[in-house]
Amino acid sequence: MDYKIIQPIISRVLQSGHDEEFYVDEKSFALVKEIQKVLSIFEPIEDDEARMIWLEIPRGTAEEWKDFEDMHDQYVEYDIVSYRKALVEEYPYEKQWFFLVTSTYRENTFLKISDRGHEYVIFTNRNLDGKEYAHDMSWFLEPLLHLVKQRVAEITKNPEAYNQHIDEDLPYRQRFGTIKSRFLNKIIPEGKLVVKDQEYCIRVMKELIRREKVYASVKKGEEIDWKKEGVPAPFDTMSIRRFCKYYRIADTIFWKDSHYERAKEAVNIEDDVEYYQDHGLHNALKEYSLESEEDFKSFACDHYGELGLSRTNVRASQYYAGGKWIVTLGVSYSSYVDKALEIAMALYESGAPFVFHDAENVLHILEETGMVRISAFTFHDYLKGDDDEGVISVPYIEDCDKEGELTRQQYDDIVRYAKWEPNDKVALDKRIPLHDPVYHLIRDEANEPITLSEIRKQIEKKYDCYLGVAQKSGYSGYYHVGALRNRQMSAGIEDIHYPTFNEAMKALILSIKVIEQDTNENSTE
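A quick note: this is a predicted structure, and the numbers were derived from the prediction, not measured. (Residues numbered from 1 in each chain as written. Predicted model: local features only at pLDDT ≥ 70, side-chain atom pairs only at ≥ 80, totals over all residues. Heavy atoms only, no water.)

**Here we look at the pattern of salt bridges**
Note on pairing: side chains with opposite charge can pair once their charged atoms come close.
So, step 1. Tallying each qualifying case throughout the model produces 31 salt bridges.
So, step 2. In this structure, arginine 241 and aspartate 271 form a salt bridge, with 3.6 Å as the shortest nitrogen-oxygen distance. Taken as a pair, arginine 241 in helix 10 (residues 240–255) and aspartate 271 in the loop between helix 11 (261–266) and helix 12 (272–279) lie far apart in primary sequence, 30 residues in all.
So, step 3. Judged by its relative accessible area of 27%, aspartate 271 is partly exposed.
So, step 4. Across the salt bridge formed by lysine 506 and aspartate 436, the nearest N and O atoms sit 3.0 Å from each other. Within this pair, whereas lysine 506 is found in helix 18 (residues 501–511), its partner aspartate 436 is found in the loop between strand 13 (431–432) and strand 14 (450–451), the two being separated by 70 residues in sequence. (Salt bridge = Lys/Arg side-chain N within 4 Å of Asp/Glu carboxyl O. Helix = DSSP H or I, 4+ residues; strand = E, 2+ residues; numbered from the N terminus. Buried < 20%, exposed > 50% of the residue type's maximum accessible area, 1.4 Å probe, protein only.)

**Regarding the sheet that holds strand 5 (residues 120–124)**
So, step 1. What the five strands build is an open sheet, ordered 1-5-4-3-2; its pairing is mixed. A single partner strand is all that each edge strand has here, and the edge strands are strand 1 (20–23) and strand 2 (51–58). If you compare each strand with its neighbour and ignore which way they point, the axes differ by 25 degrees on average.
So, step 2. Pairing analysis gives four bridges linking strand 1 to strand 5, with the strands arranged parallel. Across the sheet, glutamate 21 pairs through a bridge with isoleucine 122, a residue of strand 5.
So, step 3. Strands strand 2, strand 3 (95–105), strand 4 (108–114) and strand 5 of the sheet are contacted by helix 2 (residues 26–39), whose axis makes an angle of about 100 degrees with strand 3. (Pairing = 2+ DSSP bridges. Axes fitted to C-alpha atoms, helices over the stretch in contact; angles between N-to-C directions. Contact = heavy atoms within 4.5 Å.)

**Some points on the packing of helix 2 against helix 5 (residues 138–157)**
So, step 1. Running from amino to carboxyl end, helix 2 crosses helix 5 at an angle of 10 degrees, the nearest separation of the two axes being 9 Å. Overall, the two elements helix 2 and helix 5 adopt an arrangement that is roughly parallel. For the pair formed by helix 2 and helix 5, the contact residues are Lys27, Ser28, Leu31, Val32, Glu34, Ile35, Val38 and Leu39 on the first element and Ser138, Leu141, Glu142, Leu144, Leu145, Val148, Lys149 and Val152 on the second.
So, step 2. Taken together, the residues of the contact of helix 2 with helix 5 break down into 10 nonpolar, two polar and four charged. (Parallel < 35°, antiparallel > 145°, perpendicular 65-115°, else oblique. Nonpolar A, V, L, I, M, F, W, Y, C, P; charged D, E, K, R; others polar.)

Now the structure itself:
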């Protein structure tokens, strides 16, 4: 190893292992384990002994890039002038941040490197099907080990200085947070959802929220006066022909502004089933009876999840209304909410017994009463539970005012008004004195002070169990779940939250009164 890691090198690794795992050979895996050992000086930040640090990778020089390519690609014929030109064009930032995390789950160890956006690579000894080719990644992992050792040595001198550096200098492009939608709409007015009749849409969303509660409250076999409840009566049966009617309503809305000739021609098809066969993603309906409920169920199993509409899925469901049939619409991860709203309005106006799963979120969007997530990883403007009105990302500060990006003023306003999630802090993992009660399950085995991670490992090995601690979504703390493998124990799900992983894990261990050392292979969790 006679080169350092610069952006072109790490980019090559990320591109060659794009969003995948590299099953590595023995030499490379030994380097992965060594990197994990170097990081073990810190407390875990998540389950599976996860430990993480940020690395700031320099752009490097054209000479460093060319030397690396000459060493690893015998076919490179570019001169140094070409490298100097490409370096600034392809790697515009003087330094770029990447996080590195190591973890272990049972017999498998993982090392992940990511820009926290769309690119990451994982090195592991896991061979899922036993047929994976073992990659020799030592050419990259050796200089990476050198870099990690150097960085960890700097951090251990003053962990708080490192934490402060991350808090102050990590680009907001690589952070997560939330911002009130009414603030965001003022900052980026062109991003606000605009509808023709907002008050009407708001009334419909409120009505759909009410209807869903009515349908959901009905028990199987219960007689309901649907007219009195003020909702359309659900269908007693469902068929392919009936479903195609409502699919067509949604699909027509979805494609109404399309420039595709096929989409324009499909409007003239009179029969809904013929329309579906012409315009749906699946058109092989010959083997089905169009009026049979059983055939509809088979059709749904074959076709659901691939019905298109950019994953704005129209379905028929028996989940509500005591097992009777209603039409449902849900906005999935790559859907555009404006188009989903149009489809929901059309299905509502069709008079169908209809549930819009995202009516409450869309209501928040229309009334500007909720939050928008800020994420390093975005894909369209999808909705995702809770009080979530969508997701945005901010650019790197160097890219502000470029075409298609936020202005510097918009960027500064978002940073100022957003509530940012706290960054993971590093802390040195300390040995716990032997008199501490956390040793109570391995008192006989403990001969010298060890870290909480080592205590946990000994407990899991002795009792063949798994101690689980998790981070609850939307909360910057931890709680313990008491998950087990082939053993029973007295601790269960804990609602009390703890500020750090180690505090939650220690509370879990202390809460365990007894673990049954049952050697019966059929013992249950």
